[in-house]
Amino acid sequence: MVTNQASIKRDGVQDYVSLRATAAIIFAYSVFMAWFFITTDNLTFIEWRGLFSGLAMKVFTLAALVAVMIHVRIGLWQVLTDYVKATGLRAVLQYILNIIAFGYVAVGLFVLWGV
């Protein structure tokens with residue numbers, strides 16, 4: 001069987017792997033943040049700013065933001081495909097929700113790199 005490598009459509013395996021990879025990044029970020037909150041006795045702005053001023057934390061946070069966006073895009077596509085049968089309504093909802101997900105990452109970038 002010959003597959004078209006130039007196709008821009010996704011397949012189920014790619015979605016499955018993408019969801020699992022993004023879930024792992026989101027989980028690692030959540031565990032790290034929970035550990036930070038649990039182990040920090042007195043959380044002040046100075047400590048919070050110190051955490052996010054390092055390049056490694058900025059990259060980790062950026063990876064988590066992008067992972068959330070990809071996870072949301074695939075998950076919403078799956079849910080909307082299953083439950084919204086009207087093609088036009090589904091397209092509008094996907095467009096709006098994808099713009100919101102992209103906006104979430106864009107705002108996160110401005111906040112993150114502004115520290």
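Residues numbered from 1 in each chain as written. Predicted model: local features only at pLDDT ≥ 70, side-chain atom pairs only at ≥ 80, totals over all residues. Heavy atoms only, no water.

Draft legend 1. Representation of the overall build of the chain. Helix and strand content of the chain: four helices and zero strands. Against the globule reference of 13 Å for 115 residues, the chain gives a C-alpha radius of gyration of 18 Å, more extended than a compact globule. For the C-alpha atoms alone, the extent of the chain along its principal axes is close to 55 × 35 × 25 Å. Out of the 115 residues in the chain, the part that is buried amounts to 22%. Expressed as a percentage of contacts within the chain between residues at least 6 apart in sequence, the contacts between residues at least 24 apart total 66%. (Helix = DSSP H or I, 4+ residues; strand = E, 2+ residues; numbered from the N terminus. Rg over C-alpha atoms; globule rule 2.2 N^0.38 Å. Buried < 20%, exposed > 50% of the residue type's maximum accessible area, 1.4 Å probe, protein only. Contact = heavy atoms within 4.5 Å.)

Draft legend 2. Quick peek at the packing of helix α3 (residues 55-83) against helix α4 (residues 87-113). As a packed pair, α3 and α4 sit with axes 10 Å apart at the nearest point and diverge in direction by 175°. In terms of orientation, α3 lies roughly antiparallel with respect to α4. Class assignment of the residues belonging to the contact of α3 with α4 gives a composition of 19 nonpolar, five polar and three charged. (Axes fitted to C-alpha atoms, helices over the stretch in contact; angles between N-to-C directions. Parallel < 35°, antiparallel > 145°, perpendicular 65-115°, else oblique. Nonpolar A, V, L, I, M, F, W, Y, C, P; charged D, E, K, R; others polar.)

Draft legend 3. Examining the packing of helix α1 (residues 12-39) against helix α2 (residues 45-53) more closely. Here α1 crosses α2 at 150°, and the two axes come no closer than 13 Å. If you check the angle between α1 and α2, you find them roughly antiparallel. The hand of the α1/α2 crossing is right-handed. The segment α1 lies against α2, with Y29, F32, M33, F36 and F37 engaging E47, W48, L51 and F52. Its residues assigned to classes, the contact of α1 with α2 shows eight nonpolar, no polar and one charged. (Left-handed = near helix turned anticlockwise from the far one by under 90°.)

Draft legend 4. How the structure looks around the UniProt feature "binding site: heme" (unreviewed entry) in the chain. The feature "binding site: heme" (unreviewed entry), as annotated in UniProt, sits at H71 in this numbering. Of note, H71 is situated in helix α3. Judged by its relative accessible area of 28%, H71 falls in the partly exposed class. Filtering out sequence-adjacent residues up to four positions away, H71 remains in contact with L19, T22, A23 and I26. (UniProt positions renumbered as here; feature names shortened; annotations may be inferred.)

Draft legend 5. Layout of the environment of M69. Relative to the elements of secondary structure, M69 occurs in helix α3. Using a relative accessible area of 17% as the deciding quantity, one classes M69 as buried. Each C-alpha atom of the pair M69 and Y83 lies 21 Å from the other, and the pair is 14 residues apart in sequence.

Draft legend 6. Examining the nonpolar core more closely. Judged by nonpolar contacts, Y29, M33, F36, L51, F52, M57, A64 and L112 together constitute the single largest core of eight residues. Looking at this core, the elements with two or more residues in it are α1, α2 and α3. Excluding anything up to four places from it in sequence, F36 contacts L43, E47, W48 and L51. (Core = buried A, V, L, I, M, F, W, Y, C linked by side-chain atoms within 4.5 Å.)

Draft legend 7. Geometry of the confidence of the model for the chain. Model confidence for the chain is summarised by a mean pLDDT of 89, while 90% of its residues fall at 70 or above. Across the chain, element-level confidence peaks in α1 with a mean pLDDT of 95 and bottoms out in α2 with 91. (pLDDT = per-residue confidence, 0-100.)

Draft legend 8. Representation of α1. Between the first and last C-alpha of α1 there are 40 Å, a value that for 28 residues agrees with the 40 Å anticipated at 1.5 Å per step. Regarding α1, the residues found buried are D15, L19, T22, Y29, M33 and F36. Those residues of α1 that are buried are in contact with α2 and α3. (Expected span 1.5 Å × (residues − 1).)

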